[in-house]
Amino acid sequence: MSEVNSAGDGPGAAPDQGKSEPADRGAGAGPTPAEGGDADGRGTGARLGGWTRFVTARPRLSLLVALLLTALAVVAGSGVADRLGSGGWEDPTAESTYATKALEREFPASQPNLLLLLHAGGSSVDDPAVAAEAKRVTARLAAEPGVTGVGSYWQSGSPALKSRDGHEALIAARITGDETAAADTLDRLAPSYRGRSGPVEVEIGGPVAVRHEMQTTIREDLTRAELIALPVTLLLLVMVFGSAIAALLPLGVGIFAILGTNAVLRGLTEVTDVSVFAMNLTTALGLGLAIDYALFIVRRFREELATGAAPRAAVGTTLRTAGRTVLFSSLTVAVSLAAMLLFPQYFLRSFAYAGIAVVLLAAGAALILLPAALVLLGHRVNALDLRRLFRRGAPRAAEGGAAWGRTASLVMRRAPLFVVATTAGLIVLGLPFLGVKFGTADDRQLPSTAESHVVQQHIRDGFPGSPGGGLEVLAEGPATTTQYAEYGKRIAALPEVQRVDGPLVKGDAAYFTVLPEGEAVDEGAQRLVGELRATHAPFTTAVTGTAAVLVDSKDAIGDRLPWAAGFIAIVTLLLVFLLTGSVLIPVQAVLLNALSLTAMFGAVVWVFQDGHLSGLLDFTSSGSIETTLPVLMFCVAFGLSMDYGVFLLSRIKEEYDHTGDHQEAVRFGLQRTGGLITAAAVILAVVMVAIGTSRVANTKMLGLGIALAVLMDAMVVRSLLVPAVMRLTGRATWWAPGPLRRFHDRFGLSEGEAPAAAPAPATEPAGEPEPDRDPVEAR
């Protein structure tokens, strides 16, 4: 990974092999003090910009304020994990959500969220001693505060509550209150009910137990992931920078962003629901983006020091160049994450809250606190070069950069081949996604040894009719017994129905329980939801249940997905245009970024839906993908891909502004950023893989899937496909119509300072090749 240090990793670093004067232009973006410029490296009479003066005027004060804010964030964010929810997959405005709340209010027994599984050992659950103990446990549970709607097999005699072998049966109840209150009640009840009770053994399951165990598991896994990611990340940063001092700076930015985001999430829990899964994104993006931004800032600062610039001047040039890139990059990532605010599920919205906060905090720390630290450190940023312990002779920093330059030249010489081969390969890797099946998150997200998973698996395998997996039909309005009976016959005659129970009537409300023929959320159950909603009734009806929640969630996502995709595309196109001034480059960026995600989506289906590698990765496949996960993974991975895209494009644009040589600009841009992007991608992938060690399947899928997307983007799309496509489009890549060019001249920002006489815009058609030459050989 030492290729990141291709220029200016410290005073005296060798220039890139095969590159002379353009490298100096690209690194310094103007004359250095040694060449007659003034202190900021922009030329005689130039002054540091207002932003540079702001962030470097009182660096010690800036760092002291940051330290105080970090301490306050630790206090403000303490206990945030205990206030986060583990649900949020349902649409709060959907019919199923309305029906669920109404049934909870009027018929608590219809919506049990706590199940006690009683094992009678070798005896039958109808044995008098077993029945007596079970009735005692049932009565005791019914007397507990915060518990309502208690019922059991021994009270109702319902065959759905008794296992097929007759050795197990269920007690069902509902714990009242929101997620936090229900978790507190479960913590109070579980120790006194779990375990041996006379002739029976009691295990605890149900949705409330699944949610609570998932929340606890995620919290424990996140701590372990941090313990894995931090030291490995520090080691990789030392390998990248060499200097232990420089390696610590990105970690400092990341810790500031993570702690600040925790404080933001803690505040948000006072006004809205926030998912516990968002904590994983906070850690991953906090470390990953902070490292990306700090890598870019510190690396450019060290380049400037290597040209002879004073530390304050080096910071000024760094902020005008790499700083602008970081600003654009953070905006593109924030835009991708903000698209999740368009969806009604608080699971997705939580990731937007966490993601936007951590991106802005990471960028803010990189653009304010990091420059202050660099001003104070100066040349000491290169101190404690630990790599000297592992190498002999003088460093050969230039070789990595030259290798990336040769790679770019090779790709551009064979551009059609690389475009066809990489595009076809990525499409093939994405083909499994065509067979995606959407489902809901359930106990199978947990390890197979988790108590609530064990209980639910017993119920799935050993009980008839999948208790808890049926559909409930809420009937509201005046009705007679005859009308209820006729309606019951109509829904019982539907082709997907196994059995109809009810109605249970209370005033002008009633409900029916409908058990589907197959699994609780299979295609037949989902069709049955539509059939029930279409069945005529002389009263108002609303359908809920697991399959109904899934149908409504899919509808909500499908309705808003085009708007979210359009929002991401339009804002990304605008931001990349402001960065490059080109019409074609933003379109290329959006399309190639989307293409880079195909491998991730194909792997998600092949591994997590179809169950390949489930033994190796230690998870239980449910045969489907939770509906909101692809949306989340797309928004996060697309934003991170744009992050790397902006890094590459900004350096290409800077060189093109200086030379007007399109092919050389592409080669130079990849030479200068190829190692940097690869190193950043590897470090971010390490963080995501650490998150992917979670015992919760959705978190594992999120971490490993995004790690794959990041590596594919950096090593295939940025390194091969982008230079190949830009070689085919030629200088017309930079074309824009007159009005848009004038708009960019007025409002656009790009890395570096353009020369007085910028190259004229290309007029040749997009597909016309340039004269065939190899920039490396030409030089």
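All values reported here derive from a predicted model rather than from experimental measurement.

A. The arrangement of the overall build of the chain in detail. Within the chain, the regular secondary structure consists of 26 helices and 11 strands. Intrachain contacts of the chain at a sequence separation of at least 6 include 81% that bridge at least 24 residues.

B. Geometry of the packing of helix 10 (residues 278-306) against helix 12 (residues 346-377). For the pair helix 10 and helix 12, interaxial distance at closest approach is 9 Å and the crossing angle is 30°. By the angle between their directions, the pair helix 10 and helix 12 is classed as roughly parallel. In terms of crossing hand, the pair formed by helix 10 and helix 12 is right-handed. Here A278, L281, T282, L285, G286, L289, A290, Y293, A294, I297, V298 and F301 of helix 10 lie close against helix 12, whose contacting residues are S350, F351, A354, G355, V358, V359, A362, A363, A366, L367, L370 and L374. Taken together, the residues of the contact of helix 10 with helix 12 sort by class into 20 nonpolar, four polar and no charged.

C. Inspection of the pattern of salt bridges at higher detail. Under the counting rule described, the total for this entry stands at 29 salt bridges. In this structure, E270 and R83 form a salt bridge, with 3.3 Å as the shortest nitrogen-oxygen distance. Remark: R83 occurs in the loop between helix 3 (59-76) and helix 4 (95-106) and E270 occurs in the loop between helix 9 (244-268) and helix 10; sequence separation between them is 187 residues. Residues E104 and R174 are paired through a salt bridge, measuring 2.7 Å at the closest nitrogen-oxygen approach. Of the two residues, E104 sits in helix 4 while R174 sits in strand 3 (residues 168-175), which places them 70 residues apart along the sequence. Looking at E104, the relative accessible area reads 31%, which means it is partly exposed.

D. Quick look at the environment of A547. Looking at the element boundaries, A547 is found in helix 18 (residues 546-580). In this structure, the C-alpha to C-alpha distance between A547 and D522, residues 25 residues apart in sequence, is 7.7 Å. If sequence neighbours within four positions are ignored, A547 has contacts with L471, A520, V521, A525, Q526 and V529.

E. Broad picture of the nonpolar core. Core analysis: the biggest nonpolar cluster contains 159 residues, and F277, Y293, L295, L374 and L632 have the highest contact counts within it. Per-element tally for this core: the top contributor is helix 12, with 18 residues. Setting aside anything within four residues of it in sequence, one finds L374 in contact with L249, I297, V298, F301, V315 and V381. Membership of the second largest hydrophobic core comes to 35 residues, among which are L117, A182, Y193 and I204.

F. The arrangement of the sheet that holds strand 8 (residues 497-506) in detail. Strand order in this open sheet of four strands is 8-9-7-10, and the pairing throughout is antiparallel. Edge positions in the sheet fall to strand 8 and strand 10 (540-545), since each of these pairs with one other strand and no more. Looking at each pair of strands side by side, their axes are set apart by 20° on average, direction ignored. Sheet analysis places strand 7 (residues 471-476) next to strand 10, joined by six bridges and oriented antiparallel. When the sheet's bridge partners are listed, L471 is paired in strand 10 with G545. The sheet strands contacting helix 4 are strand 7, strand 8, strand 9 (509-516) and strand 10, and the helix crosses strand 10 at an angle near 95°.

G. Structural view of empty space enclosed by the protein. For the coordinates displayed, the defined rule picks out six cavities of 30 Å³ or more. Space inside the largest cavity adds up to approximately 110 Å³. Around the largest cavity, the lining comprises 13 residues; the ones closest to its centre are Q445, F608, S622, S624 and N698. Every element with two or more residues in the lining of the largest cavity is listed here: strand 11 (625-626) and helix 24 (697-729). The greatest single-element share of the lining of the largest cavity, amounting to three residues, is contributed by helix 24. Split by residue class, the lining of the largest cavity holds six nonpolar, six polar and one charged.

H. Just helix 14 (residues 415-430), in detail. Over its 16 residues, helix 14 extends 23 Å from the first C-alpha to the last, a length consistent with the 22 Å expected when each residue adds 1.5 Å. Buried residues of helix 14: A415, F418, V419, T422, L426 and G430, and no others. Looking down the long axis of helix 14, one finds its buried residues gathered within 100° of arc, a one-sided arrangement. In helix 14, the exposed positions angled more than 90 degrees off the buried face are occupied by L417, V420 and V428.

I. A negative patch on the surface, seen in detail. A grouping of E90, D178, D184, D187 and D273 is seen on the molecular surface, where their side chains present a negatively charged patch. On the basis of relative accessible area, E90 is assigned to the partly exposed category, the value being 33%.

J. Looking closely at the sheet that holds strand 4 (residues 195-197). As summarised here, the arrangement of the five strands in space is 2-3-1-5-4, forming an open sheet in which the pairing is antiparallel. Unpaired on one side and paired on the other, strand 2 (147-152) and strand 4 mark the two borders of the sheet. Direction aside, the axes of adjacent strands within the sheet are offset by 25° on average. Bridge count between strand 4 and strand 5 (residues 200-205): three bridges; the pairing is antiparallel. Bridge pairing links S197 to V200 in strand 5. Packing against the sheet, helix 7 (residues 179-193) makes contact with strand 1 (114-119), strand 2, strand 3, strand 4 and strand 5, and its axis sits at approximately 145° to strand 3.

How each quantity is defined
- Residues numbered from 1 in each chain as written.
- Predicted model: local features only at pLDDT ≥ 70, side-chain atom pairs only at ≥ 80, totals over all residues.
- Heavy atoms only, no water.
- Helix = DSSP H or I, 4+ residues; strand = E, 2+ residues; numbered from the N terminus.
- Contact = heavy atoms within 4.5 Å.
- Axes fitted to C-alpha atoms, helices over the stretch in contact; angles between N-to-C directions.
- Parallel < 35°, antiparallel > 145°, perpendicular 65-115°, else oblique.
- Left-handed = near helix turned anticlockwise from the far one by under 90°.
- Nonpolar A, V, L, I, M, F, W, Y, C, P; charged D, E, K, R; others polar.
- Salt bridge = Lys/Arg side-chain N within 4 Å of Asp/Glu carboxyl O.
- Buried < 20%, exposed > 50% of the residue type's maximum accessible area, 1.4 Å probe, protein only.
- Core = buried A, V, L, I, M, F, W, Y, C linked by side-chain atoms within 4.5 Å.
- Pairing = 2+ DSSP bridges.
- 1 Å grid on protein atoms, 1.4 Å probe; cavity = no way out; pocket = protein on both sides within 12 Å on 5 of 7 lines; lining within 4 Å.
- Points joined across faces, edges and corners; volume = space filled by probe spheres on them.
- Expected span 1.5 Å × (residues − 1).
- Arc of directions from axis to C-beta.
- Patch = residues over 30% accessible without salt bridge, like charges linked within 9 Å, V, L, I, M, F, W, Y side chains within 5 Å.
- Areas by Shrake-Rupley, 256 points an atom, 1.4 Å probe, with all protein chains shown as cover.
- Lys, Arg positive; Asp, Glu negative; His and termini not counted.
- Charge placed at Lys NZ, Arg CZ, Asp CG, Glu CD.

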